[in-house]
Amino acid sequence: MRSNLVAGNWKMCGDSASIGKLVAEMKASLPAEPGVDIAVFPPSVYLAQVLVGLSGSPVAVGNQNVCDQPSEGAYTGEVSASMLADVGCRYVIVGHSERRAMYGETSEQVAQKAKQALLQGLIPLVCVGETEAQRDEGATLEVISAQLKPIFSTLSAEQLRLIVVAYEPVWAIGTGKTASPDQAQEVHAFIRALFSKKDELLAKGLRILYGGSVKAANAGELFAQADIDGGLVGGASLDAQEFSAICRAAE
Ligand code: PEP
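Thresholds applied
- Per chain, the residues get numbers from 1 upward, laid out in the order the sequence is written.
- Per-residue local features of the predicted model are confined to residues with pLDDT of at least 70, and side-chain atom pairs are confined, for both listing and counting, to 80 or more; whole-chain, interface and lining totals are unaffected and use all residues.
- Calculated side-chain values reflect all of the structure's heavy atoms, with hydrogen atoms and water omitted.
- Under the DSSP-based scheme used, a helix requires at least four consecutive residues in state H or I and a strand at least two consecutive residues in state E, with every element numbered from the N terminus.
- Type-normalised accessible area, obtained with a 1.4 Å probe on protein chains alone, sets the label of each residue: buried when under 20%, exposed when over 50%, and partly exposed for intermediate values.
- In what follows, a contact means two residues having at least one pair of non-hydrogen atoms within 4.5 Å.
- The arc refers to the directions leading from the helix axis to the C-beta atoms.
- Under the rule applied, a polar contact is a pair of N or O atoms within 3.5 Å (in protein, one hydrogen donor and one hydrogen acceptor; residues adjacent in sequence only if both atoms are side-chain atoms).
- Nonpolar core, defined: a set of buried Ala, Val, Leu, Ile, Met, Phe, Trp, Tyr and Cys residues in which side-chain atoms within 4.5 Å join the residues together.
- DSSP-based pairing: two strands are paired if at least 2 bridges between them are found.
- The path from the first strand over the helix to the second decides the hand: if it runs clockwise while the strands point away from the viewer, the crossover is right-handed.
- Note on definitions. A residue lies near a molecule or strand when any single heavy atom of the residue is within 4 Å of it.
- For the accessible areas, the method is Shrake-Rupley and the probe is 1.4 Å, while residue cover comes only from the protein chains on display.
- Under the grouping applied here, Gly and all other residues not named as nonpolar or charged are polar, the nonpolar ones being Ala, Val, Leu, Ile, Met, Phe, Trp, Tyr, Cys and Pro and the charged ones Asp, Glu, Lys and Arg.

Engineer: Just checking my understanding: could you explain the environment of Ala 157 for this structure?
Structural biologist: Among the secondary structure elements, Ala 157 is positioned in helix α8 (residues 157–160). Along the chain, Ala 157 and Asp 199 lie 42 residues apart, while their C-alpha atoms are 8.4 Å from each other.

Have a look at this one:
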């Protein structure tokens, strides 16, 4: 049986004072023993602060990106999976649509990033999703399938068992427009079916998160869908009360 996961992507937001306040409020508002896995992804310069602030809490910490190269060295500006594991991260986000669109990340690079994360014991949240134009053209499932193809060709069966997939329609990210539960469920079921072509058991255990303007008001009906196993939450994760309500909706 797969457990739900709620992940908070803080993006490039906050400073040490506001992040300190958010961590304190999260600790006060989240249940001590939540019936759901919870992780937050601060900007990397605040990882140490958040790791200390959340130590002893049930909330895991991850980074919003990871280098696609296996060893340390001349990769200016990058952070390796081994460094993230070393400081206590448990997860990394790979292939967020903002990175694909603004920094030209390809699906092949995303798969390499996922592989480096797994080799260091980190769990990658692999983001996929179509743009509004692609949805309007009826190309959604084709786009998702193409984005996941290098994941299937790069990761071993054992590694595939450990990843989390996040379906994030680009048109729903930060826009206030949420995919309807039916629209999201259709894509989640499609993703699970792609994995079941590899292995039925793997598909059954795969956690598929929905992301795109999730808030406390819509989380319940999204998480009630058969193939939605929690959420990747952007804006609403910067508000401790709202994030906590979303976590409760996933319990
Ligand atoms: C995200 O950044 O992954 C995201 C889903 O953002 P938001 O919840 O703000 O749409």
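Engineer: I'm lost on the environment of Met 26 in this one. Help?
Structural biologist: One can find Met 26 in helix α1 (residues 16–29). Relative accessible area serves as the criterion here: at 1%, Met 26 is assigned to the buried category. Sequence-distant contacts of Met 26, defined by excluding residues within four places in its chain, comprise Trp 10, Val 40, Val 59, Ala 240 and Phe 243.

Engineer: What exactly am I supposed to notice about helix α12 (residues 240–249) here?
Structural biologist: The α-helix advances 3.6 residues per turn, and as a result positions three or four apart in sequence lie on the same side. Those residues of α12 not exposed but buried are Ala 240, Phe 243, Ser 244, Ile 246 and Cys 247. On an axial view of α12, the arc spanned by its buried residues comes to 155°, and they lie on one face. The backbone nitrogen of Gln 241 lies 3.0 Å from a side-chain oxygen of the residue at the head of α12, namely Asp 239.

Engineer: What is the right way to look at the nonpolar core in this model?
Structural biologist: Here is a general trend for soluble globular proteins: nonpolar side chains tend to be buried in one another's company. Among the nonpolar cores identified, the biggest contains 65 residues, and Ile 163, Ile 191 and Phe 195 are the most heavily contacted of them. Ranked by size, the runner-up nonpolar core spans 13 residues in total, among them Leu 5, Ala 7, Ala 39 and Leu 209.

Engineer: What's the story with the pairing of strand β4 (residues 91–94) in this structure? I'm lost.
Structural biologist: Strand residues, when the strand is regular, have side chains that alternate between the two faces of the sheet. Here β4 shows no split at all, with Tyr 91 and Ile 93 on one side and Val 92 and Val 94 on the other all buried. Looking at chain direction, strand β3 (residues 59–63) and β4 are connected through two bridges and run parallel. Residue Asn 63 lies in a different strand from β4, and its bridge partner there is Val 92. Remark: the β3/helix α3 (residues 81–87)/β4 crossover connection has right-handed handedness. Looking at chain direction, β4 and strand β5 (residues 123–128) are connected through four bridges and run parallel. Its bridge partner being in β5, Tyr 91 is matched across the sheet by Ile 123.

Engineer: Help me understand the environment of Trp 171 in this model?
Structural biologist: Along the chain, Trp 171 turns up in the loop between β6 (164–167) and α9 (181–198). Residue classification places Trp 171 among the buried positions, given a relative accessible area of 10%. Residues Trp 171 and Ser 213 lie 42 residues apart in sequence; the distance between their C-alpha atoms is 9.7 Å. If we skip the residues at most four places from it in the chain, Trp 171 touches Glu 130, Thr 131, Glu 132, Arg 135, Lys 177, Thr 178, Ala 179 and Gln 183.

Engineer: How should the site of the ligand be read in this particular structure?
Structural biologist: The immediate surroundings of the ligand are formed by 14 residues, with Lys 11, Glu 168, Gly 174, Ser 213 and Gly 234 found nearest. Side-chain polar atom of Asn 9 to an oxygen atom of the ligand: 3.2 Å apart, as the coordinates give it. His 96 places a side-chain nitrogen or oxygen 2.9 Å from an oxygen atom of the ligand. Contact with the protein chains covers 95% of the free accessible surface of the ligand, which is 290 Å². By residue class, the composition of the shell around the ligand is four nonpolar, eight polar and two charged.

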